[in-house]
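Breakdown of the fold
Residues per chain are reported as follows:
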Amino acid sequence: MELKQLLDFIDWTLSQAGQGSFYRDQDMTKRIFAQSIKLNEEVWELSSEILWNQWFVRKEKLKRYSQETLMDEFADVIFTTIRLAKLMNIDISQALKNKMIKIQKRSDLK
Ligand SMILES: [Mg+2]
């Protein structure tokens, strides 16, 4: 999948947000804070899946988890991060390119 396809999908999901959604709130600070909290929620859900994946959950909780739910949570973290970047007018494509260059330069110094 191309990054453009992912970004277009994020735009589409934002266009589908209902009237009660915080994505429609007129207060941009409120929208950014809400999305930041949502990102923390998704990171927590991913962490929970990782605990399952590494067998650090009680047996009675095991049936709640699967490889599919682990994949879902990785995707949720990425989607939520991109939505937050969009709210903050961050060009995520450029941010990723810039960071890749910095990481490559760091690696070249070794
Ligand atoms: Mg989730």
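Residues numbered from 1 in each chain as written. Predicted model: local features only at pLDDT ≥ 70, side-chain atom pairs only at ≥ 80, totals over all residues.

As for the packing of helix 2 (residues 28–53) against helix 3 (residues 67–87)
Spelled out, the test is: Interaxial angle, 0 to 180 degrees, is taken between N-to-C directions of lines fitted to C-alpha atoms, where a helix line uses only the stretch in contact. Each helix is a run of DSSP H or I of at least 4 residues and each strand a run of E of at least 2, with the numbering of both proceeding from the N terminus. In what follows, roughly perpendicular refers to angles from 65 to 115 degrees, roughly parallel to angles under 35, roughly antiparallel to angles over 145, and oblique to any angle outside these ranges. Each crossing is labelled by how the near helix is turned from the far one, with a counterclockwise turn of less than a right angle marking it left-handed and a clockwise turn marking it right-handed. This entry defines residue contacts through backbone-placed C-beta atoms, with two residues in contact when those atoms are within 7 Å. When residues are grouped by polarity, Ala, Val, Leu, Ile, Met, Phe, Trp, Tyr, Cys and Pro land in nonpolar, Asp, Glu, Lys and Arg in charged, and all others, Gly among them, in polar.
Contact geometry for helix 2 and helix 3: axes closest at 9 Å, N-to-C directions at 160°. Classed by the angle they form, the pair helix 2 and helix 3 counts as roughly antiparallel. As helix 2 runs across helix 3, the sense of the crossing is left-handed. On helix 3, the residues that touch Arg31, Ile32, Gln35, Ser36, Lys38, Leu39, Glu42, Val43, Glu45, Leu46, Glu49 and Asn53 of helix 2 are Thr69, Leu70, Glu73, Phe74, Asp76, Val77, Thr80, Thr81, Arg83, Leu84 and Leu87. Along the lines of polarity and charge, the residues of the contact of helix 2 with helix 3 split into nine nonpolar, six polar and eight charged.

Focus: the packing of helix 1 (residues 3–15) against helix 3
Contact geometry for helix 1 and helix 3: axes closest at 10 Å, N-to-C directions at 75°. As far as their axial angle goes, helix 3 and helix 1 are roughly perpendicular. Counted together, Leu7, Ile10 and Leu14 of helix 1 and Phe79, Ile82, Arg83 and Lys86 of helix 3 form the full contact between these two elements. A breakdown of the residues in the contact of helix 1 with helix 3 according to their chemical character gives five nonpolar, no polar and two charged.

Don't take any of this as a statement about function, it's just geometry.
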